[in-house]
Amino acid sequence: MAFMKRFWNLFRGRRLSDDIEREVAFHIRERADALIAQGMPEAEARNAARRQFGNLTAQRERTRDADVLTWLDSVLGDLRYALRSLRHSPAFTAVAVGSLALAIGANTAIYTLLDAVVVRALPVPAPGELVQVTTTDSDEGYFTNPQWEQIRDRQTTLSATAAFAETGWNTADGGEVRRVRGEWASGEFFALFGMRPAVGRLFTREYDARGCAPIAVLGHGYWQSAYGGRGDVVGQSIRLEGKMFEIVGVTQPGFDGPEVGYEPQVYAPMCAEAVIREGQSALDARSTWWLRIAGRRRPGVSLVQVRSELAALAPGVYEATIPPRWAEDQKAEYRHRTLSARALGHGVSEVRDRYHGALLMMMGAVALVLLIACANVANLLLARATARQHEVAVRMAIGAGRRRLVRQLLSESLLLAMGGGLGGLLLAHWGTEALIALISNDAQPVVLDLGLNLRVLGFTALVAGLTVLVFGLVPAWRGTRISPQAAMKARARGVTEGHGRFTIGKSLVVVQVALSLTLVVAAGLLVGSLRNLVTKDPGFRSSGVLLVRVDLRRGGLPPGAYGPAHERILERLRHLPGVRAAASSDMVPVGRSIWNDEVYLDGFTPETSTDRVAWFNEVSEGYFAAMETRLIAGRDFDRTDTPSGPHTAIVNDAAARHFFGGASPLGRQFRVKQGDTFTEPYTVIGVVENAKYTSLRETDAESKTFYLPYSQDRSPGSSRNYEIRAEATPSALVSGVSGAIGEENRAATLSFVTFEDQLARSLQRERVLATLSSLFGGVALALSMLGLYGVMSYTVARRRNEIGVRIALGANRGRVVGMVLADVGRMVVIGVGFGIAGALASGRLVRTYLFGLSPADPAVTGIAAALLAAVALGAGLLPAWRAARVDPVAALREE
Amino acid sequence: MAPSRHDVLQGTLDLLILRTLAAAGPLHGYAITAHITRVSIELLRVEEGSLYPALHRMEQHGWLRSNWGMTEKNREARFYQITVSGRRRLEQERESWSRLTEGVSRVLRYA
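What counts, and at which threshold
- Residues numbered from 1 in each chain as written.
- Chains lettered and ligands numbered in written order.
- Predicted model: local features only at pLDDT ≥ 70, side-chain atom pairs only at ≥ 80, totals over all residues.
- Helix = DSSP H or I, 4+ residues; strand = E, 2+ residues; numbered from the N terminus.
- Buried ≥ 20, exposed ≤ 12 C-beta atoms within 10 Å, placed from the backbone.
- Contact = placed C-beta atoms within 7 Å.
- Pairing = 2+ DSSP bridges.
- Expected span 1.5 Å × (residues − 1).
- Arc of directions from axis to C-beta.
- Axes fitted to C-alpha atoms, helices over the stretch in contact; angles between N-to-C directions.
- Parallel < 35°, antiparallel > 145°, perpendicular 65-115°, else oblique.
- Nonpolar A, V, L, I, M, F, W, Y, C, P; charged D, E, K, R; others polar.
- Left-handed = near helix turned anticlockwise from the far one by under 90°.
- pLDDT = per-residue confidence, 0-100.
- Core = buried A, V, L, I, M, F, W, Y, C linked by C-beta atoms within 7 Å.
- Domains from an automatic or database assignment.

**Regarding the overall build of chain B**
Broken down by element type, chain B carries four helices and five strands. Listed N to C, the secondary structure of chain B is β-α-β-α-β-α-β-β-α in terms of helices and strands. Within the span of chain B, comprising 111 residues, buried residues form 28% of the whole. Across chain B, contacts joining residues at least 24 apart in sequence account for 52% of those joining residues at least 6 apart.

The following block contains the structure:
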């Protein structure tokens, strides 16, 4: 192909000019020979031959011209021309490039995150060989340490195995907590994932034995930020939960363990867990599920073989690790559990579990935004191509080739797409950072490596390329399909603009309206759900409450002294200035810990196996008052509830209805099953309103709760949560509270959070979805309205003559406005129709994220449609007003 | 002075080259000029300055094909050869040329 050849010439310019030179030299020699044959002296003949050929260099250039320069020059010319014509219409260029940049940027940003969280494999050698050991019980991927030791020692199909557990450590020496993200890792952890030390050494399997000395490995990022990357950290100590750990090395950057989105700052060998937790160590605990297990398949061993081996090992593993204090029926169930495995090439990720679906949904939303933007740009170019019909006709009349013209129009599109792509890349860069900040929080920071990778770049290029094709080819093709005569005639007699030509533009607007309605409805549903979650009464008043968790474990107190110490702390807090009320509890609503147990009482027969299960909490006197949870019947706990007195309990309304039927539960008794034994009976002394326990999404029936008094606890634990209701802003109380607790016990560790922040954190995903969907819905709406405005302005401009004639013939201006708005109305009505269908179809996708709204909520759909119609009317009004102001005389004189 | 020889009219050069190659088979550039000069009994002279650009242009259009070979004098030269689409082109050019000359001569005769 000629084009390819010329293109090729560009790259082999050197060889080409050699060719030409050789060819010319040959010609001159032949000519000289001929002259010599005619009798001319040799030297003269050579000169004559050369003279006859003309200027050698000019000749060479001209010959090459045909090959490269003319082509290159004409391409540059096209681009220059395109640039000039784009500069002449800055509004058009800005809108087109802006639309593309927005769409490409949003797509790249979401895709970058999706790629990092879902698609990308772990950056380790042969990630396909990695497997994660799983179980069939409800804890799925989590194991106890005795189970891990059994599996590690029995299996043969994995060449390396490691257990690991995410954790957090306090590095402060008393006072307010300074947390680092930690990872308990078994000996082969680093070897399994091919991690190497940047400084010092990493621990190995040999090191991981019971009774090991406390050592730690720093993550590369933490080493940089907390130690300034100093080489002498090896041999220093780091304080973890008050115990000194010797730093032995630092990991290399690039890989931070198998948990995507979680970057451990400090790694410690699992055997050192006993150093921190001492008597409560989980190493021999048979019912503490805290470890995840990974391994690498041996060469030639398939995942199926690993699974079948694990399934075969399961009975032995479980038999050897039965929790001794479990009830017989639970033990029987335990023995029947089984083991399996799944591929771990993409790592494990809490972020993924939380955001996978949401990200996919957002990907769909931005894909729609991209479609809308493409439609917008296509529309703009279409209008432009039609407006330039005359210019095109003139150029063709003076001999421009059709291909040349197509090329020119295409270079314009190319420039636009390149501008959009570049802008998009910038937006994406900024957008991904904003996204990470959006899904991250203090308690669970999300750390992801989001460098631009080839996949994302390729994706962006594909999007930009497709966009060029979509909007570049249509106008280029249409712009040159017309014959010059026809086009020039059309210009001369443009009385009416037929409905035929511009229907593509109008149908594009219909598509835009439909797509943006779909997005706006989805945004409305998600925002409405968030609003429902925030405004629905959770059974407590969170604003103005400061939460502080106080742990006295390091205070040097004998275990029996914890209770009284906590009572004294509560007393001090109650008397702090600025504190309206204070209380303490074992669990905090919508916190990260839960406590459930089975409830037994006369007259209650469970219908399902989980019917007896309810939430439990242990609270101080005044807890309900501090939380502003209403007492419906009976009384609150008080000083009469002593350890020696009868056990008392308060139930919430849901628990009362579920366990005691309609009758008043006051004075009724129940027992709690613990292992194979039952507790002493508890007597119900009060009923409170329902309060959310684990999440704001919980239904009343799911929030059945029993409250027990701290004052009757015979072996109080070392830590309690305090709820402090402030007179003014809760965060202002932090220093006063620290001081008061410090006076009671210097070594107490404290962690603060406002109740509002904790609730907000629990709604983070909902908030992210609401924010992003509103953003994308807004962008879609804006783009569509720009499209609509463009099309209507254009139509009005084209129909100037017709409108002039109508006005001259006596149509009043109201009628003209009506005529234009009716046009808008038709497009909007059709678009809204399709949009509602689209919203209904996509409603199923958002259903899981809704709260208190159905996917087909008529109010939301109606409001969205009305909003869209109102904005569309606004966008159509300006062109309509312009139409009504057409001066008939001027319009007709233009002919 | 010798009677003036006509420089080949721009636009007819393609026709002459195509015809020459169609009749004489693969030739190098010098041989093409020599052939045209000889056959036209030195009435036409091909300007070397236009010959090579024309040859390269025609090669890009796919009317010609070229490769390097050896002449009888054992010199390296680039030989041009007409292609199938070149032959088609030749027919078109020949056709339009005869129409042109017929038109011109009629005008000269009757106008």
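Here the narrative resumes, following the displayed structure.
**A closer look at the overall build of chain A**
Secondary structure assignment for chain A yields 28 helices and 23 strands. Here chain A, with 895 residues, has 40% of them falling under the buried criterion. Of the contacts made within chain A by residues no fewer than 6 positions apart, 83% connect residues no fewer than 24 positions apart.

**What to know about the pairing of strand β22 (residues 719–726) of chain A**
All names here are of chain A. Of all eight residues making up β22, six are buried, and the element is well covered by its neighbours. As defined by bridge partners, strand β12 (residues 545–551) adjoins β22 across seven bridges and the pair is classed as antiparallel. Paired with V550 across the bridge in β22 is R720. Of the strand pairs in this sheet, strand β13 (residues 579–585) and β22 are connected by six bridges, and their pairing is antiparallel. By the bridge assignment, A581 is partnered in β22 with R725.

**Description of helix α19 (residues 562–574) of chain A**
Residue and element names in this part refer to chain A. Given a rise of 1.5 Å per residue, 13 residues ought to cover 18 Å, and the 18 Å separating the end C-alpha atoms of α19 matches this to within 8%. Listing the buried residues of α19 in full gives Y562, H566, I569, L570 and L573. Within α19, the buried residues cover an arc of 100 degrees as seen down the axis, which keeps them to one side. Structural note: α19 exposes P564 and E571 on the side pointing more than 90 degrees away from its buried face.

**Some points on the sheet that holds strand β4 (residues 64–70) of chain B**
Residues and elements named next belong to chain B. Read from one edge to the other, the open sheet built from three strands follows the order β2-β5-β4, with strand pairing classed as antiparallel. Each edge of the open sheet carries a strand with a single partner, namely β2 (27–28) and β4. Relative to strand β5 (residues 76–82), β2 runs antiparallel, the two sharing two bridges. Along β5, the bridge assignment pairs L27 with Y80. Relative to the sheet, helix α1 (residues 12–24) contacts β2 and β5, its axis offset from that of β5 by approximately 95 degrees.

**Description of the environment of F203 of chain A**
Residues and elements named next belong to chain A. Here F203 shows up in the loop between β5 (197–200) and β6 (215–218). A C-alpha to C-alpha distance of 8.6 Å links F203 and G249, two positions 46 residues apart in sequence. The residues touching F203, leaving out its near neighbours within four places in the chain, are G187, D208, I215, V217, V248 and P269.

**Let's talk about the packing of α1 of chain B against helix α3 (residues 48–61) of chain B**
All names here are of chain B. The interhelical angle for the contact between α1 and α3, taken along N-to-C directions, is 75 degrees, at an axis separation of 11 Å. Between α1 and α3, the crossing angle belongs to the class labelled roughly perpendicular. Here L13, D14 and I17 of α1 lie close against α3, whose contacting residues are S50, A54, L55 and M58. When grouped by side-chain class, the residues that make up the contact of α1 with α3 number five nonpolar, one polar and one charged.

**Section: the packing of helix α7 (residues 145–154) of chain A against helix α11 (residues 303–319) of chain A**
Residue and element names in this part refer to chain A. Put simply, α7 and α11 touch, their axes get as near as 10 Å, and they point 135 degrees apart. As the angle between them shows, α7 and α11 are arranged oblique. Crossing hand, α7 versus α11: right-handed. Across from Q147, Q150, I151 and R154 in α7, the residues of α11 making contact are L313, G316 and V317.

**Some thoughts on the confidence of the model for chain A**
Within chain A, residue pLDDT values average 83, and 86% of them lie at 70 or more. Segment residues 491–502 of chain A: pLDDT under 50, and eleven contacts once partners within four positions in sequence are set aside and those in other chains are kept.

**Concerning the pairing of strand β18 (residues 669–674) of chain A**
All names here are of chain A. Pairing geometry for strand β14 (residues 596–600) and β18, over three bridges, is antiparallel. Within β18, the residue paired with V599 across the bridge is V672. Pairing of β18 with strand β20 (residues 682–688), which is carried by two bridges, proceeds in the antiparallel orientation. What sits directly across from Q669, in β20, is T683. Pairing between β18 and strand β19 (residues 677–678): two bridges, direction antiparallel. Across the sheet, the residue bridging to Q674 is T677, located in β19.

**Digging into the nonpolar core**
All names here are of chain A. Membership of the largest hydrophobic core comes to 102 residues, with the highest contact counts inside it found for L100, V369, A373, V513, L517, A780 and L788. When residues of this core are traced back to their parent elements, those giving at least two are α6 (90–119), α13 (350–387), α15 (402–439), α18 (503–535), α24 (764–798), α25 (800–808), α26 (813–846) and α27 (858–884). The element contributing the most residues to this core is α13, with 21 residues. Three or more residues apiece are contributed to this core by two domains, here domain 2 (77–120 + 355–493) and domain 4 (504–538 + 756–895). Ignoring any residue separated from it by four or fewer positions in sequence, one finds L517 in contact with G831, V832, G835, I836, A839, A864, A865 and L868. Core analysis: the next-biggest nonpolar cluster, separate from the first, contains 57 residues, V217, L218, L344 and V348 among them.

**As for the environment of L877 of chain A**
Within the element layout of this structure, L877 of chain A appears in helix α27. Residues L877 of chain A and G818 of chain A lie 59 residues apart in sequence; the distance between their C-alpha atoms is 9.7 Å.

**Comments concerning unusual backbone geometry**
Residue and element names in this part refer to chain A. Even without a glycine there, the phi angle at E241 is positive, about 50 degrees. If you trace the backbone, E241 turns up in the loop between β7 (237–240) and β8 (243–251). Residue classification places E241 among the partly exposed residues on the basis of 19 C-beta atoms within 10 Å. Even without glycine at this site, E628 takes up a positive phi of about 60 degrees. Following the sequence through the fold, E628 ends up in the loop between α20 (623–627) and β16 (631–634).

**Regarding the confidence of the model for chain B**
If pLDDT is low for a region, its predicted coordinates should not be looked at in detail. Across chain B, the average pLDDT comes to 83, with 89% of residues at 70 or higher. Counting interchain partners and residues more than four positions distant, the pLDDT-below-50 stretch residues 1–5 of chain B has four contacts.

**Some points on the environment of V234 of chain A**
Residues and elements named next belong to chain A. Take V234: it is sitting in the loop between α9 (220–227) and β7. As for V234 and E246, which are separated by twelve residues in sequence, their C-alpha atoms are 7.8 Å apart. Not counting residues within four places of it along the chain, the set of residues in contact with V234 comprises V199, G200, I247, V248 and G249.

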